[in-house]
Amino acid sequence: MSDDALDRLAVACGVERGYRDAWSAWRDVPRDTRAAILSAMGHDVSSPAAVEASLRAHEDAAWRANAPPVVIAVKGRGAARIPLVVPAGAAGTIAWSVAAEEGGTFRGDLPVAAMPETESRVVDGRRLLRRTLSIEAALPLGYHRLSVALPLDAPPVELPLIV
């Protein structure tokens, strides 16, 4: 198997090519070790074709979720930006609400067409778009709960929003 295919899968899965030891010397992680780690993570690394298929499946999985598991916004750095996955051609309005940790609720809505498109990908034969929902509300510091109602009868998305 080519190291290039294995490297791309390792990078996508957060497996590093090396590390600095206690004396600050760079140590490469052997290819076989990286392959074993990827295999332990459930990826088939038995051939270049299997590695390519694992990489595609890993990348597609990120597109099957409508939102990331958590969003972090930095207070004083502008709007909270939430990447959302919607089908191409989705119309209508996305409604959102933030239940603040200390109480209170912030609400808003935005037409899908007004949300910037950042990427697209075909997954399972459907063209999906990643669009960015910007929440301009002055959210306080804390661990909040964000709810997003998506168009096209998709189930609502709920996730932590940390400011």
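All of these numbers come straight from a predicted model, not from anything done at the bench. Here the residue numbers are simple positions, counted from 1 along each chain's written sequence. Whole-chain, interface and lining totals are the exception, using all residues; otherwise, since this is a predicted model, local features are given only for residues with pLDDT of at least 70 and side-chain atom pairs are given and counted only at 80 or more. Excluded from the side-chain calculation are hydrogens and water; included are all heavy atoms of the structure.

Trainee: Looking at this structure, how should I read the overall build of the protein?
Mentor: Within the protein, the regular secondary structure consists of three helices and 10 strands. Counting helices and strands in the order they occur from the N terminus, the protein gives α-β-β-α-α-β-β-β-β-β-β-β-β. Along the first, second and third principal axes, the C-alpha set of the protein runs to 50 × 45 × 20 Å. Within the protein, the fraction of its 163 residues that count as buried is 36%. What makes two residues a contact is simply this: any of their non-hydrogen atoms within 4.5 Å. Long-range pairs, those at least 24 residues apart, make up 55% of the contacts in the protein with a sequence separation of at least 6. Areas reported here follow the Shrake-Rupley algorithm with a probe of radius 1.4 Å; residue values treat only the protein chains shown as occluding. With the model as given, the accessible surface of the protein reaches about 9500 Å², and the carbon-plus-sulfur share is 53%. Secondary structure follows DSSP: runs of H or I at least 4 residues long count as helices, runs of E at least 2 residues long count as strands, and numbering of each begins at the N terminus. Any residue under 20% of the maximum accessible area for its type is buried, any over 50% is exposed, and the rest in between are partly exposed; the area is computed with a 1.4 Å probe on protein chains only.

Trainee: Looking at this model, I keep getting lost on the pairing of strand β6 (residues 105-111). Mind explaining?
Mentor: As a general feature of sheets, a regular strand has side chains that alternate between the two faces. Here strand β5 (residues 93-99) pairs with β6 via seven bridges, running antiparallel. Following the sheet pairing, A95 is matched in β6 by D109. Once β5 ends, the chain turns through five residues before running back antiparallel as β6, passing G103 with a positive phi of about 105°. Any two strands are treated as partners once DSSP identifies two or more bridges connecting them.

Trainee: What is the right way to read unusual backbone geometry from this model?
Mentor: Peptide bonds are, in most cases, trans, and in most cases residues other than glycine have a negative phi. One non-glycine residue, S24, lies in the positive phi region at around 70°. Topologically, S24 is positioned in the loop between β1 (18-20) and β2 (26-28). Look at S24 and you get exposed, because its relative accessible area is 53%. At D124, a position not held by glycine, the phi torsion is positive, near 55°. Turning to its location among the elements, D124 is positioned in the loop between β7 (117-123) and β8 (126-135). Judged by relative accessible area, D124 falls into the exposed class, the value being 60%.

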